[in-house]
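Analysis of the macromolecular model
In case you want the letters, here they are:
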Amino acid sequence: MSKTSQVILQVIVTLAAMITTGVWLKENIWAYPADNIYSGQNLFVLRYWFDSRVIHHVHAKEKLVALTFDDGPDPRYTPQVLDILKQHRVHATFFVVGESVQRHPDIVKRELQEGHEIENHSYTHPDLGKKNAAEILKELETTQKVIEITAGRAPRYFRPPRGLFNTQVVEIAQRLGMKTVLWDIGVEHRAFRDPRDMAYRVVGKAHPGIIILAHDGRLDRSLTVKALPILINEYQKMGYRFVTLTELLASAETSP
C-alpha cells in the first residue's frame, strides 16, 4: 500500500471514529436533563464505555429488547410504571438506589412479584468516579445487602449513576459478582420534551438486543410515564419481545 493510500485510510478511520463518538455524545451525554448532567465528566469517562467488561448492547438474533429503569423506587412514578408494564405484559429490569429501597421496600417487593428484575444502582446515587476504593465498595456493597434482604437474592448487574465511572468502579463491581451494564439509548433527552417525540426517537433506533434506559425516580419523570405506553406499543407492533437483562444476555450467550 502506498503512503498516500495509508494516509487516506488513516483519515477515513479517524473520521469514522469521530462520527461514532458524535453519535455516542448525542445519544448519551445529552440524554440527561440539563440539571442532571456533567458534560466534561462524561467526556472524560467516554473511554471507559468501551471497556470490554462493560455491557452497553447485546448482539441478538431474535427481536428481544431490555427495558431498564434507574433511580427508583419512587412512590410518585414507580407504581405508575408498574401499572403500565403489567397492562402490556412486559418484564423490565430496575436498577435501584439502596437508600430508596430501604424507604420503599413494598414497591420493590411488588416489582419482584410482577416478574421484574432488581439490580444495583449504588446506595446514595453519587458520582462514583470521584470516590476512592473504600467509598465505592461501601456504595455497592451496602446496596447489595439491602437488595438481598428485600429481594431475597444478590444483584447480578450494576449500573453507575449518571453513567459516571472508571476502571476501579468496574473492578469493584466485578469483585462483588456484578457485571457493569450501561445502555444503547435513553428515553429522556433534553432535546425531546414531548412524550410522543421521546418514544418515537427510541422506536427509530430499534434493533435486536437493544438496551433501553428510562428513569422512574429522583427527578420529574411524568413525561417518561406518558412516553412509555407509546414506546412499548410500537416495539410490540414490530414483533419485539421485552425481556429482563438476564434473559437478554442468556439469549446472546446461547445464540449460535
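The structure presented is a predicted model; accordingly, all values stated were derived computationally and were not measured. (Residues numbered from 1 in each chain as written. Predicted model: local features only at pLDDT ≥ 70, side-chain atom pairs only at ≥ 80, totals over all residues. Heavy atoms only, no water.)

It is worth spelling out the packing of aromatic side chains at this point. In total, this model carries 3 aromatic pairs according to the counting rule given. Ring geometry for Phe69 versus Phe94: centroids 5.1 Å apart, planes at 15 degrees, classification stacked. Placement of the pair is Phe69 in strand 2 (residues 64–72) and Phe94 in strand 3 (residues 93–96), with a sequence separation of 25 residues. An aromatic cluster is defined as three or more aromatic residues linked by ring pairs; in this entry it consists of Tyr235, Tyr240 and Phe242. (Phe/Tyr/Trp six-rings, centres within 6.5 Å; stacked < 30°, edge-to-face > 60°. Helix = DSSP H or I, 4+ residues; strand = E, 2+ residues; numbered from the N terminus.)

Because side chains alternate across strand 4 (residues 117–120), one face comprises the buried residues Glu117 and Glu119, and the other comprises Ile118 and Asn120, equally buried. Sheet topology note: the strand 3/strand 4 ladder contains 4 bridges and is parallel. Bridge pairing in strand 4 links Phe94 to Ile118. (Buried < 20%, exposed > 50% of the residue type's maximum accessible area, 1.4 Å probe, protein only. Pairing = 2+ DSSP bridges.)

In the predicted model, the protein chain carries a mean pLDDT of 87, and 79% of its residues have values of at least 70. The low-confidence segment residues 16–22, where pLDDT is below 50, has 1 contact with residues more than four positions distant or belonging to other chains. (pLDDT = per-residue confidence, 0-100. Contact = heavy atoms within 4.5 Å.)

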